[in-house]
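Residue-level listing of the chains:
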Amino acid sequence: MNSLPVGETFALGLLAYTVGAFASLASWRRPALARHLCCGSAVAGAVLEGCAAILGLLQGTPVRWSISSGVPLFAYSFSYDALAGFLNLTLAILVAAVAIYSFSYLKEFEGRRNIGIFGLLFHLLLLSLTIVFTSANAFLFLIAWEVMALAAYGLVTFYHEDPEARRAGLLYIIMAHMDVGCLLLGFALLTQASGSAEFASFHLAAAGLSSSHQAAAFVLFFLGFSIKAGVIPFHIWLPAAHPVAPSNISSLLSGIVIKTGIYGMARIFFDALGVLPAWAGVTVLILGVVSAVLGVLYALMEHDLKRLLAYHSIENIGIILMGLGSALIFRVTGHPQLAAVALIAAMFHTINHAIFKCLLFLGAGSVLHSTGTRNMEKLGGLIRPMPVTAFCFLIGAVAISGLPPLNGFVSEWLTYQSLLAGFGATGGLTRILFPIAGSMLALTGALAAACFVKAFAITFLALPRGAESSRVHEAPRSMLVGMGWLTLACAFLGLGATWFLPVFDAMTEQLLGMRVGASLITSNGLVLSVGTPHGGTVSTAIIGIGLLILLVPTAFLVSRGARRFVRTRGPTWDCGLPGLSDDNEYTATAFSKALRMIFSALYQPRREIQAVFDVSPYYPKEIHFESEIEPTFEKRLYAPLQDLILWFSTRMRAVQAGSVHAYLAYIFITLVVLLILVSRQ
Amino acid sequence: MIEVLVKSVIQLILLLLVAPLVTGIIRTLKARLQTRRGPGIGQPYRDLFKLLRKGMVIPNTASWIFSATPYIVFGTAALVGLMIPMTATDAPLSLFGGVLAVVYLLALGRFFLALGGLDTGSSFGGLGSSREMTISAIAEPAMMLAIFTVALSANSTNLSEMARSAVSQSWRFLAPSQILAFSGLFIVLIAETGRIPVDNPATHLELTMIHEAMLLEYSGPYLALIEWGASIKQLVLMTLLVNTFFPFGLSSSWMVSGLSLGLVFYLLKLLLLACCIVLVETTNAKLRLFRVPELLAVAFILGALALISTFLF
């Protein structure tokens, strides 16, 4: 069945992005036109790429094509297989939402910022992302990877007059190049072993890879992809860079750009490196646990709405790594079926996180658009002026907290099941690691729920804090449509999880040689069950219907059946003081105070209180309160590293004297040494 | 399909009736141990009946979240109650959600309850929500470890499978791993149901209250729904403990004779567990909030030891 036009649709999608890039740049003098061209072509590209992904997944067999470039090792090779199709589908869902959202969102740029440049960078980002997911040549992959990093840099520093954005951009570009460096070395190792830079040849040469080569390649790739994915301790750029970008870009950065790291791990670890030893899987699993727990703990301390969401990306990458790590361990211990379940858990969480994180960032973007602040302590009560945004954000918050019946629950449930199975399937110390990881996942889930209670309630509920919230308005219609689309996707992937799961069959067959989709679904296609006969079962569809069946009659009975259902409005109890004001409300800082105390060993909180008294020490005139937590990784790990590099560069200055004669001498010496080396051989 | 519906309706009725009873029994026992007369076992029913017939006051500052919360709290608790074996090993909805779904559905209820607490704009609501989310977050890993231990010995996270496996080897609870897991889960039960030494269900003092602080602005039918939901949640967690560790009397079918015998055994087991809770409540003082993590750390370590002993013994 080679008749589906996968390649053609894919190429048309790329064309749409390319046209979008140049058309919006060319029309930069006419902002309204540039905006429509930019968003319109992005919608077109998303629809085409989405169709290509669906066709590619329907086709089942990989579609490959390659154009020789004339340069050795480099070729324009593409492979549209199950993994590529799946990630392109995720990308297309997000791009559709972001592009529709941007129709209104970019309006405020008109006359103030260059929409042409924005469109160019935006489309370059989309183009490079699509190519990263489909390229089948190491060098094409690296070029697309680099373009992606540069386009993202341009977008992170788009508000370049803001020093915070410039600093974040610098940090981002340095980290991005560290990861490109690691990947380049890793690919060099593989290319040397296989004699070609095609991914397919890596797969064939994997069996002949010596164990030390394999280990070195694993470390290099894991380092490179972890930096991109924001795994702790390589995460410091992520909470700095994601919040400062325009909100529609933040949603793509956290939604899909960091997932390229996950994609790379799935592609290289399962396909190109052969069967990795157990310690590799254990490393991935442990770093996953660390990222998940620390990510959510740092998120709890944030009261900048977008930074909070950025830390949650780290947490969710950790959850994905738990699945990936388990899959790696199961593969080497000879449990391909469990490995397939764990891989599905990881990949399902990848698309789920992409969708609800994109939704939450777009929601935060609407709040920022309407109120002009990301500081939760200045927001509040937004559910009244912005009911639709609030509803979409609430759905995203429930989904990201892993609560049933939405999509986050399904992938976390699968992760739990594979961790639970790990205890029986492995031996020795690895065995005890799985249940511990499971309990840490439980901790992560509960802390995430606490964090999103804070994020939603402080931003949207109760009384407005400060002046910003009083003149706010609901987001324009196109922004609501973009968020609504993702809200629907969250609900569908949650309630209809069993209909979506067969999508993973081709991917697990490609990476692990195992199809488990059919065994995951039982009883009329509504119940999800892990393959083993006594494993758990769950059905989000029935949970959803059950909740509805219980809620509707209860609501009916209580409101109609009760003899007197009288609802009067009255003031909230204000402790007898005159009138409840926003000073009485709990703040975000106060909400997380208990956890700050409990985990004080991690946070090292510091606070400063200065009170000014007028007459009596019982009635302070004003109080100055300052509280901060220690940025452990920045202070303990990166600051010494930076000092070391600076020390080294100062020493190097002795060599770099600035004199042309000295440089000529260096060149001459190098030449002589090289000639001697060459003539020796 | 029809069978599942009929079973669900029977279990739902049982659940709605037994839940306030257990609350009443605990209160009465506690009163007797403290040499008070107590309000009588039927008091929770009278409270609910009265509250459902009263009018209510909704705070000016509250949004639709405040009004939706009581239904969600009640609905999630009732749904969870249908997934858990009460008198027969075969719970009506056990196929559609195992122990993980139970934990996460209860978390959904808690999520909305915390939102409802914050929605009023009162400091008490925020205080209660903050504490509730904190305590539940640190109780969660301990709970999951203990649950994992049981799930591993039953080879399933499905609650009916867990009960069935417990029935097939009814003295399993004497194994060290099961004893440790039970102790861990018991501490979690205390924390999750808001009892001394973690929270005091009888207080309205701002320094100590957790659960009550979130409900401060609720009145009338909404309060009734939340209180009823809370007692169902308590019953569900107690059932989880008695039926997965001590499966005596669990009927293997839905025949009337088996069910009635099962019901008698079930009520007896609940009574015993209630006695344990009452003893703990009466002999302990409430802990300071920041000492609670230490108690839950004990539960976590008990869970970890339980897991390790499953493959040592």
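Starting afresh in each chain, residues are numbered from 1 along the sequence in its written order. Note on labels: chains are lettered from A, ligands numbered from 1, in written order. Only residues with pLDDT of at least 70 are given local features in this predicted model, and only at 80 or more are side-chain atom pairs given and counted; all residues enter the totals for whole chains, interfaces and linings. Hydrogens are left out, water is left out, and the side-chain values use all remaining heavy atoms of the structure.

### Brief notes about the overall build of chain B
Then, number 1: Each helix corresponds to a stretch of at least 4 residues labelled H or I by DSSP, and each strand to a stretch of at least 2 residues labelled E; elements are numbered beginning at the N terminus. Looking only at helices and strands, chain B has 11 helices and 1 strand in total.
Then, number 2: In sequence order, chain B lays out its α and β elements as α-α-β-α-α-α-α-α-α-α-α-α.
Then, number 3: Computation of the radius of gyration draws on C-alpha atoms, with the globule rule given as 2.2 Å multiplied by the number of residues to the power 0.38. Scaling as 2.2 N^0.38, a compact globule of 313 residues should have a C-alpha radius of gyration of about 20 Å, and chain B matches this with 19 Å.
Then, number 4: Its C-alpha atoms put chain B at 55 × 45 × 40 Å along the principal axes.
Then, number 5: Summary of the burial criterion: residues with accessible area below 20% of their type's maximum are buried, those above 50% are exposed, and those between are partly exposed, where the area comes from a 1.4 Å probe applied to protein chains only. For chain B, buried positions account for 64% of its 313 residues.
Then, number 6: Two residues qualify as a contact provided that any one of their heavy atoms is within 4.5 Å of a heavy atom in the partner residue. Residue pairs in contact within chain B that sit at least 24 positions apart in sequence constitute 80% of those at least 6 positions apart.
Then, number 7: About 11,000 Å² of surface is accessible on chain B, with carbon and sulfur atoms providing 70% of the total.
Then, number 8: Charge assignment: positive for Lys and Arg, negative for Asp and Glu; neither His nor the chain ends contribute. A charge is said to be at NZ when it belongs to Lys, at CZ for Arg, at CG for Asp and at CD for Glu. Charge centroids of chain B, computed over 20 positive and 15 negative side chains, lie 8 Å from each other. Only the protein chains shown count as cover for residues, with accessible areas throughout obtained via the Shrake-Rupley method and a probe of 1.4 Å.

### Regarding the interface of chain A and chain B
Then, number 1: Taken together, the 79 residues of chain A in the interface contact 78 residues of chain B.
Then, number 2: For the pair chain A and chain B, the summed buried surface comes to about 6,800 Å²; carbon and sulfur atoms form 74% of the total.
Then, number 3: Contributions of two or more residues to the side of chain A that touches chain B are made by α15 (387-400), α16 (407-425), α17 (428-460), β5 (537-538), α23 (540-561), β6 (567-570), α24 (588-591) and α25 (593-598) of chain A.
Then, number 4: When residue character is reported, Ala, Val, Leu, Ile, Met, Phe, Trp, Tyr, Cys and Pro are called nonpolar, Asp, Glu, Lys and Arg charged, and the others, Gly included, polar. Partitioned by chemical class, the residues of the side of chain A that touches chain B number 53 nonpolar, 18 polar and 8 charged. By convention, the term buried area covers the 1.4 Å-probe accessible surface removed from two parts as they join, with the contributions of both added.

### Comments concerning the environment of W65(A)
Residue and element names in this part refer to chain A.
Then, number 1: Tracing the backbone shows W65 in strand β1 (residues 63-68).
Then, number 2: When its relative accessible area of 25% is taken as the criterion, W65 is described as partly exposed.
Then, number 3: Contact partners of W65, with chain neighbours within four places excluded, come to G7, F10, Y76, S77, F78 and Y80.

### Some words on the nonpolar core
Then, number 1: The nonpolar core is taken to be a set of buried Ala, Val, Leu, Ile, Met, Phe, Trp, Tyr and Cys residues, with the residues joined through side-chain atoms within 4.5 Å. Formed by 346 residues in total, the largest nonpolar core has its most connected members in F187(A), F269(A), F348(A), F456(A), F111(B) and L115(B).
Then, number 2: For this core, the leading source of residues is helix α14 (residues 336-371) of chain A, giving 22 residues.
Then, number 3: Counting residues domain by domain, this core receives three or more from each of domain 1 (1-136) and domain 2 (355-560) of chain A.
Then, number 4: Not counting chain neighbours up to four residues away, the residues in contact with F269(A) comprise F218(A), F221(A), F222(A), G264(A), G274(A), L276(A), V284(A), L328(A) and R331(A).
Then, number 5: Grouped together as the second largest cluster of nonpolar side chains are 5 residues, F423(A), L145(B), A304(B) and L307(B) included. Residue ranges labeled as domains rest on an automatic or database domain assignment.

### A look at the domain arrangement of chain A
Residues and elements named next belong to chain A.
Then, number 1: Assigned domains within chain A: domain 1 (1-136), domain 2 (355-560), domain 3 (599-628) and domain 4 (636-680).
Then, number 2: Here the C-alpha centroids of domain 1 and domain 2 sit 27 Å apart.
Then, number 3: Each partner contributes residues to the interface: domain 1 has 17 residues there, and domain 2 has 21 residues.
Then, number 4: Across the domain 1 to domain 2 interface the summed buried area is about 1,700 Å²; carbon plus sulfur atoms make up 78%.
Then, number 5: A pairing counts as a salt bridge when a side-chain nitrogen of Lys or Arg comes within 4 Å of a carboxyl oxygen of Asp or Glu. On the surface where domain 1 and domain 2 come into contact, there are 0 salt bridges.
Then, number 6: As used in this structure description, the phrase polar contact means that two N or O atoms lie within 3.5 Å; if the pair is within protein, one of them must be able to donate a hydrogen and the other to accept it, and residues adjacent in sequence are counted only when both atoms belong to side chains. Counting across the interface, domain 1 meets domain 2 through 7 residue pairs in polar contact (both at pLDDT 80 or more).
Then, number 7: When residues in the side of domain 1 that touches domain 2 are grouped by element, the largest group, 14 residues, is from helix α3 (residues 82-105).

### Regarding the pattern of salt bridges
Residues and elements named next belong to chain A.
Then, number 1: Under the criterion given, the structure shown has 23 salt bridges over all chains.
Then, number 2: In this structure, R606 and E608 form a salt bridge, with 3.3 Å as the shortest nitrogen-oxygen distance.
Then, number 3: Look at E608 and you get partly exposed, because its relative accessible area is 30%.
Then, number 4: Here E628 ties to R606 by a salt bridge, and the two come within 3.2 Å at their closest N and O atoms. Taken as a pair, E628 in strand β8 (residues 620-628) and R606 in strand β7 (residues 606-613) lie far apart in primary sequence, 22 residues in all.

### Topic: helix α5 (residues 123-154) of chain B
Since the α-helix advances by 3.6 residues per turn, residues separated by three or four positions end up pointing in the same direction.
All names here are of chain B.
Then, number 1: By definition here, a helix of n residues has an expected span of 1.5 Å times n minus one. Counted at 1.5 Å a residue, the expected span for α5 with its 32 residues is 46 Å, and the 45 Å between its end C-alpha atoms agrees.
Then, number 2: At E140, α5 shows its maximal bend, which comes to roughly 30 degrees, and the proline P141 appears one to four places after that position.
Then, number 3: α5 sits mainly inside the fold: 29 of its 32 residues count as buried.
Then, number 4: You can read the cap of α5 off the contacts: a side-chain oxygen lies 3.0 Å from the backbone nitrogen of F124, and it is on S122.
Then, number 5: Just downstream of α5, N155 is the residue with a positive phi angle, here 65 degrees. Axes are fitted to the seven residues ending at a residue and to the seven starting at it; the angle between these axes is taken as the bend at that residue.

### Some points on the packing of helix α6 (residues 159-168) of chain B against helix α9 (residues 220-245) of chain B
Residues and elements named next belong to chain B.
Then, number 1: In this analysis, axes come from line fits to C-alpha atoms, helices being fitted only over the stretch in contact, and the angle between any two N-to-C directions falls in the range 0 to 180 degrees. Relative to each other, α6 and α9 sit at 40 degrees, their axes nearing to 7 Å. Judged by the angle between their axes, α6 and α9 are oblique. Residues L159, M162, A163 and A166 of α6 form the contact with α9, whose own contacting residues are L240, N243 and T244.
Then, number 2: Residue classes in the contact of α6 with α9 are distributed as 5 nonpolar, 2 polar and no charged. Angles are sorted into four bins: roughly parallel if under 35 degrees, roughly antiparallel if over 145, roughly perpendicular if 65 to 115, and oblique for all others.

### Digging into a nonpolar patch on the surface
Residue and element names in this part refer to chain A.
Then, number 1: Together, L641, L644, I645, W647, F648, M652, V655, Y663 and Y666 give the surface a local cluster of nonpolar side chains, amounting to about 870 Å² of exposed area.
Then, number 2: Going through the elements one at a time, α27 (632-652) and α28 (660-680) are the ones with two or more residues in the nonpolar patch.
Then, number 3: Considering each element in turn, the nonpolar patch owes the most residues, 6 residues, to α27.
Then, number 4: Positionally, Y663 belongs in helix α28. For patch detection, residues must exceed 30% relative accessible area and be free of salt bridges, and they are connected within 9 Å for like charges or within 5 Å for nonpolar side chains (Val, Leu, Ile, Met, Phe, Trp, Tyr).

### Structural notes on the sheet that holds strand β4 (residues 527-529) of chain A
Where strands meet in a sheet, backbone hydrogen bonds hold them as pairs that are either parallel or antiparallel.
All names here are of chain A.
Then, number 1: If DSSP finds at least two bridges between two strands, the strands pair. Across the sheet, which stays open at both edges, the 3 strands sit in the order β3-β4-β5 with antiparallel pairing between neighbours. Edge positions in the sheet fall to β3 (521-522) and β5, since each has one partner strand and no second.
Then, number 2: Both β3 and β4 contribute to a ladder of 2 bridges, which runs antiparallel. Residue pairing for β4: I521 is matched across the bridge by L528.

### A closer look at helix α5 (residues 138-156) of chain A
Then, number 1: With 19 residues, α5(A) should reach 27 Å at 1.5 Å per residue; the first-to-last C-alpha distance of 26 Å fits that figure.
Then, number 2: Its side-chain oxygen 2.8 Å from the backbone nitrogen of F139(A), N137(A) forms the N-cap of α5(A).

### What to know about unusual backbone geometry
Then, number 1: With omega at 10 degrees, the peptide bond leading from I232(A) into P233(A) counts as cis.
Then, number 2: Position of P233(A) relative to the elements: it lies in the loop between α8 (211-229) and α9 (237-244).
Then, number 3: Following I196(B), the chain continues to P197(B) via a peptide bond in cis, the omega torsion being 10 degrees.
Then, number 4: Within the element layout of this structure, P197(B) appears in the loop between α7 (176-192) and α8 (211-214).
Then, number 5: With a phi angle near 50 degrees, T35(B) is a residue other than glycine that sits in the positive phi range.
Then, number 6: Inspection of the secondary structure assignment puts T35(B) in the loop between α1 (2-33) and α2 (43-52).

### Details of the side chain of S439(A)
Then, number 1: Mapped onto the secondary structure, S439(A) falls in helix α17.
Then, number 2: The class of S439(A) is buried, set by a relative accessible area of 0%.
Then, number 3: Within the structure, the side chain of S439(A) is placed 2.8 Å from the backbone oxygen of I436(A), a separation counted as a polar contact.
Then, number 4: Ignoring any residue separated from it by four or fewer positions in sequence, one finds S439(A) in contact with P141(B), M144(B), L145(B) and F300(B).

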